[in-house]
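Residue-level structure breakdown
Now for the letters of each chain:
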Amino acid sequence: MGTRTGRSTALLTDHYELTMLQATLRDGTAGRRSVFELFARRLSGGRRFGVVAGTGRFLEALESFRFGDDELRFLRDAAVVDDDTLDWLRDFRFTGDVWGYPEGELYFPGSPVLVVEGSFAECVVLETIALSVLNHDSAIATAAARMTTAAGDRPCIEMGSRRTQEWSAVAAARAAYVAGFAATSNLEAGRAYGIPTTGTAAHSFTLVHDSEREAFDAQVAALGSGTTLLVDTYDIAEGVRNAIAAGGLDLGAVRLDSGDLAQVAASVRAQLDDLGATSTRITVTSDLDEYAIAALAVAPVDGYGVGTSLVTGSGVPTSGFVYKLVAREGADGSLISVAKKSKDKTSVGGRKFAVRRRDERGVATAEVIGVGEQPDTDHDDRTLLVPLVAKGERVDRGSLDDARRHFRSAIDELPPGALRLSKGDPALPTIYEEH
């Protein structure tokens, strides 16, 4: 979590980053001006778009990427690198520039989501931390986007903390919030990032009481009639009657966590209305994913709680981002394009510039990437790369609310059919313009 835990992020990296550093320090190439690019060759899982998330967390991690005494002692004791390299690491501060897609932006195959420029040495050591953060957070945000768009105007609540590693849970809550989730159950995410938190009671609360009615009376007494009562510990119909008896006709909501949710929700809605509790909402949980949410679109459901599927990327736990050198300084000081040619892992060399091409109605039509210089644009195109770090200093301080707004506007630009949940081609083609 970078600075939020007060710890250095410098060892959140792979061994070979530092052995490459040592070798280039010895042969003199460490100081070569270089441009690295973080991108996805394809969209994982047949998704039609991806959502950029984790940019803010990466920038926090970069500010904490320092080799202090503890880190240097470990590297020395483990004989990871030699003394000259340790001396270089002791004084390390990133002094280069970083550009990136704003958090909440959509990406497609080849999109230069992050562009890092500086010496080879200072850029190469950032590879793992950049990939760790953006691969995880963007996968979660992409899954979350599929859920929130399927949910429409109904709110989604993130509640997956118990299904993933403890700090991954905080990052997942943050990424889900970027992509439109309304709240989280995770209190650390609320403390660290200001995300609204919510939660009431589990089945154990009902079971510890002598009766369901006593449990509901106790919860309403403690939390007020606006609370949400979990009504499926025993018999659902009886649970609904107990809930209204305890909370009155102004009870905030009931929660369903089992059974055929569409069928049960319809029955519960009818029962609530018959009892006069027409304003009491119905929230559903129980292993929901985007497909289950879409299937509930016509059911009388008012909100969704999503856990396991969200924090595991709904079957796609990584975004497939790679971090590649695309240009380096030549003998005359100019940048030379470089690219990997391995089978199935080719990349396009050269510094990239990207715009979202839009038609006269503001509908996105393509991801246009200029190689070496800005692509040809018209007044409808939208520039995608923004400065994040300039000469080692963070210049982007965008908030999570900014990211949420950006996500919403980017989603609204997509053409019809882009939000289909079935596997398919990317919603926008990627077009390279080489100069």
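One can find the structure itself at the top, above this paragraph.
Not measured: the values here are computed from a predicted model.

Calculation rules
For every chain, the first residue of the written sequence is number 1, and numbering continues from 1 onward in sequence order. At least 70 in pLDDT is required for a residue's local features to be given in this predicted model, at least 80 for side-chain atom pairs to be given and counted, and no such filter applies to totals for whole chains, interfaces and linings, which use all residues. Hydrogen atoms and water are omitted, and side-chain values are computed over all heavy atoms in the structure. Starting at the N terminus, helices and strands are each numbered in turn, a helix being any DSSP run of H or I of at least four residues and a strand any DSSP run of E of at least two. By definition in these notes, contact holds between two residues if any of their heavy atoms fall within 4.5 Å. In this scheme, strands are said to pair when DSSP sees at least two bridges between them. Only the stretch in contact is used when fitting a helix axis, every axis being a line fitted to C-alpha atoms; angles between N-to-C directions are given from 0 to 180 degrees. Should an angle fall under 35 degrees it is called roughly parallel, over 145 degrees roughly antiparallel, and 65 to 115 degrees roughly perpendicular, with every other angle called oblique. Here the expected length of a helix is defined as 1.5 Å per residue gap, with one fewer gap than residues. The classification of residues rests on relative accessible area computed with a 1.4 Å probe and restricted to protein chains. Under 20% of the type maximum is buried, over 50% is exposed, and intermediate values are partly exposed. Here, the arc refers to the directions that run from the helix axis to the C-beta atoms.

Looking at the environment of G372
When you line up the elements, G372 lands in the loop between β15 (364-371) and β16 (382-383). The residues touching G372, leaving out its near neighbours within four places in the chain, are R351 and F353.

Looking at the pairing of strand β10 (residues 281-284)
Relative to β10, strand β9 (residues 253-256) is paired through 4 bridges, and the arrangement is parallel. From the neighbouring strand, L256 faces β10, where its bridge partner is V284. Note: β10 against strand β11 (residues 303-306), 2 bridges, orientation parallel. Bridge pairing links T283 to G303 in β11.

Let's talk about the packing of helix α7 (residues 166-178) against helix α15 (residues 400-412)
At a closest axis distance of 8 Å, the pairing of α7 and α15 adopts a crossing angle of 45 degrees. Considering their axes alone, α7 and α15 lie oblique with respect to each other. When α7 is examined against α15, the residues R174, Y177 and V178 are found in contact with a partner set consisting of L400, D401, A403, R404 and F407.

Notes on α15
With 13 residues, α15 should cover 18 Å at 1.5 Å per step; its first-to-last C-alpha distance of 18 Å lies within 8% of that length. Of the positions making up α15, those classed as buried are L400, A403, F407, A410 and I411. Mapping the buried residues of α15 onto a view down its axis gives an arc of 95 degrees, with all of them on the same face. In α15, the exposed positions that point more than 90 degrees away from the buried face belong to R405 and D412. Residues of α15 that are buried sit in contact with β2 (50-51), β4 (106-107), α6 (127-151), α7, α8 (187-193) and β16.

With respect to the sheet that holds strand β8 (residues 228-230)
Pairing in this open sheet of 6 strands is parallel, and the strands run β7-β6-β11-β10-β9-β8 from one edge to the other. At either end of the open sheet lies a strand with only one pairing partner, and these are β7 (183-184) and β8. Note: strand β6 (residues 156-158) against β11, 3 bridges, orientation parallel. Considered in β11, the bridge of C156 is made with Y304.

A short note on the sheet that holds strand β12 (residues 321-329)
With respect to topology, 7 strands assemble into an open sheet ordered β13-β12-β1-β5-β3-β17-β18, the strand pairing being antiparallel. In the strand order of this sheet, the two ends are held by β13 (335-337) and β18 (393-394), each with one partner. Here strand β1 (residues 33-40) runs beside β12; their pairing, made up of 7 bridges, is antiparallel. Residue pairing for β12: S34 is matched across the bridge by R328. Across the face of the sheet, α6 comes into contact with β1, β5 (114-119) and β12 while running at roughly 140 degrees to β12.

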